[in-house]
Amino acid sequence: MNFQQYHYNRPFQLENGQTLENLTIAYHTAGTLNNKKDNIIWVCHALTANSDVFDWWAGLFGENDLFNPKDHFIICANVIGSNYGTTNPLSINPATNTPYYRDFPTITIKDMANAHQLLAEHLGITSIHLLIGGSLGGQQALEFTLLDKLKVDNLVLLATNAVHSPWGIAFNESQRLAIEADPTFNDMTEDGGKNGLIAARTIAMLSYRTYSIYNEKQKDDHSVYTDFKASSYQKYQGQKLANRFNAHSYWTLSKAMDSQNIARNRKSLENSLAQISSKTLVIGISSDILFPPTEQKIIANHIPNATYTEIESLFGHDGFLVELKELNKILNHFV
Ligand SMILES: CC(=O)SCCNC(=O)CCNC(=O)[C@H](O)C(C)(C)COP(=O)(O)OP(=O)(O)OC[C@H]1O[C@@H](n2cnc3c(N)ncnc32)[C@H](O)[C@@H]1OP(=O)(O)O
Ligand SMILES: N[C@@H](CCO)C(=O)O
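A quick note: this is a predicted structure, and the numbers were derived from the prediction, not measured. (Residues numbered from 1 in each chain as written. Chains lettered and ligands numbered in written order. Predicted model: local features only at pLDDT ≥ 70, side-chain atom pairs only at ≥ 80, totals over all residues. Heavy atoms only, no water.)

Participant: Tell me what's going on with the pairing of strand 11 (residues 279-285), and back it up with residues and numbers.
Facilitator: Strand 11 sits mainly inside the fold: six of its seven residues count as buried. The pairing of strand 10 (residues 151-158) with strand 11 spans five bridges and is classified as parallel. Bridge assignment links Leu158 to a residue of strand 11, and that residue is Ile283. Relative to strand 12 (residues 306-311), strand 11 runs parallel, the two sharing six bridges. Note that in strand 12 the partner of Leu281 across the bridge is Thr307. Considered for its hand, the β-α-β crossover made up of strand 11, helix 10 (residues 293-302) and strand 12 is right-handed. (Buried < 20%, exposed > 50% of the residue type's maximum accessible area, 1.4 Å probe, protein only. Helix = DSSP H or I, 4+ residues; strand = E, 2+ residues; numbered from the N terminus. Pairing = 2+ DSSP bridges. Right-handed = clockwise from strand over helix to strand, strands pointing away.)

Here's what the structure looks like:
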């Protein structure tokens, strides 16, 4: 995929009333826009992913996958707050000439959608053949559609919601508390809060996976009484994220996830969903405890041209990233 950055050199208005003095949006593209301009697939990424969809959704997106650059023009933009090239807490704050760190403003899903819209305008895009996103990506895809500034022919929403739940907010708050409990988080450095981030990711894993999958993959034999596989797995996953992410971005993005509520400043949730005219496929993961299938069924029940399908999986929420065989089958049928 080709990596590019769009520099919007004007103030970007945020939902909380603050502005970012300028905004850089990093994005990847693959393939070529056809003459009819009807082969665009726009991907919205989840919490800690990036704009290189061939990297984290390989098997669905790639040279020889269902969504490939021979047939499609694929775009994915890195969200505001994430540290993969878009303006984020490690970027320089023009007001101080130092990185924002803890001074980075509150970002909402709507802000992310507005940034996607800026990029679409920059690229001259007025219609999207397929808009797809899971989890935080699905939250963005919903808001992006509801902006109603471009035509979305087909919409695919996976393991996501229209309003973030008290349960989901509680999981995120516990993770933020873990980060805040690390005194280095206030140091205003790139590595500030790193140990807190490790702990936060281990909490997150409990919401992304399930009892069953830990039982299947992390069970020890009867002789073990300490140094369990599950313990080393937790530590490994925490460290793995800390090696490629930072506590400031994680804190910001978890707040953005919490902000999801498509009824905010609109008539109602039902009314908002009823406005969506795209042919829509909503996919739930049977064992998802973070974004349980009831949340996707609400979406599918209120979008007029929507269908709901569920993937039977032991993986829990992360199933939307790892159940590739099933996803290929379902999406091949949909498109
Ligand atoms: C720059 C980049 O890295 S791009 C960003 C990539 N990530 C994203 O895009 C975000 C979305 N992706 C994800 O969240 C994840 O990658 C997922 C959900 C798709 C898959 O998660 P994974 O961690 O790869 O899978 P899984 O839970 O099976 O863990 C496997 C890893 O744990 C390790 N592991 C498994 N059991 C144990 C254990 N008991 N102790 C220690 N390590 C263990 C494996 O060796 C493997 O290590 P590796 O990732 O270095 O190969
Ligand atoms: N594993 C996903 C979970 C959030 O959907 C991520 O880290 O982005």
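Having seen the model, we can carry on.
Participant: I'd like a rundown of the packing of aromatic side chains, residues and numbers included.
Facilitator: For the coordinates displayed, the defined rule picks out 12 aromatic pairs. Relative to Phe320, the ring of Trp57 has its centre 6.4 Å away and its plane inclined at 85°; by these criteria the two rings are edge-to-face. Separated by 263 residues along the polypeptide, Trp57 in the loop between helix 1 (53-56) and strand 6 (73-77) and Phe320 in helix 11 (residues 319-322) bring together distant segments of the chain. Both residues of the pair, Trp57 and Phe320, count as buried. Over the ring of Trp251 we find Arg102, and its NZ or CZ is 5.4 Å from the ring centre. Stacked on the ring of Phe334, the Lys or Arg Lys279 has its end atom at 4.5 Å from the ring centre. (Phe/Tyr/Trp six-rings, centres within 6.5 Å; stacked < 30°, edge-to-face > 60°. Lys NZ or Arg CZ within 6 Å of the ring centre and 35° of its normal.)

Participant: Got a sec to walk through unusual backbone geometry? Specific residues and values, please.
Facilitator: Residue Lys37 is not a glycine yet carries a positive backbone phi of 55°. With respect to the helices and strands, the residue Lys37 is situated in the loop between strand 4 (23-30) and strand 5 (40-44). Its relative accessible area of 44% is what places Lys37 among the partly exposed residues. Phi at Tyr101 takes a positive value of approximately 45°, unusual for a residue other than glycine. Topologically, Tyr101 is positioned in the loop between strand 8 (98-99) and helix 2 (109-122). Tyr101 gets classed as buried once you look at its relative accessible area, which sits at 13%.

Participant: Report on the nonpolar core, specifying residues and quantitative values.
Facilitator: Counting 74 residues, the largest nonpolar core has Phe12, Leu23, Trp42, Leu131 and Tyr250 as the members making the most contacts within it. Setting aside its immediate chain neighbours within four residues, Trp42 contacts Ile75, His116, Leu119, Ala120, Ile125, Ile128, Leu130, Leu131, Ile132 and Phe144. (Core = buried A, V, L, I, M, F, W, Y, C linked by side-chain atoms within 4.5 Å. Contact = heavy atoms within 4.5 Å.)

Participant: Could you give an account of the site of ligand 1, naming the residues involved and the relevant values?
Facilitator: Neighbouring ligand 1 are 18 residues; Gln218, Ser232, Tyr233, Tyr236 and Lys240 lie closest to it. At a separation of 2.5 Å, a nitrogen atom of ligand 1 approaches a polar side-chain atom of Ser232. In this structure, a nitrogen atom belonging to ligand 1 sits 3.3 Å away from a side-chain N or O atom of Arg244. In isolation ligand 1 has 1000 Å² of accessible area, and contact with the protein removes 62% of it. Secondary structure elements with two or more residues in the shell around ligand 1: helix 1, helix 7 (229-242) and helix 11. Of the residues forming the shell around ligand 1, the biggest block, six residues, is contributed by helix 7. Looking at the shell around ligand 1 residue by residue, the classes come out as six nonpolar, five polar and seven charged. (Near = heavy atom within 4 Å. Polar contact = N/O pair within 3.5 Å; in protein donor to acceptor, adjacent residues only side chain to side chain. Areas by Shrake-Rupley, 256 points an atom, 1.4 Å probe, with all protein chains shown as cover. Nonpolar A, V, L, I, M, F, W, Y, C, P; charged D, E, K, R; others polar.)

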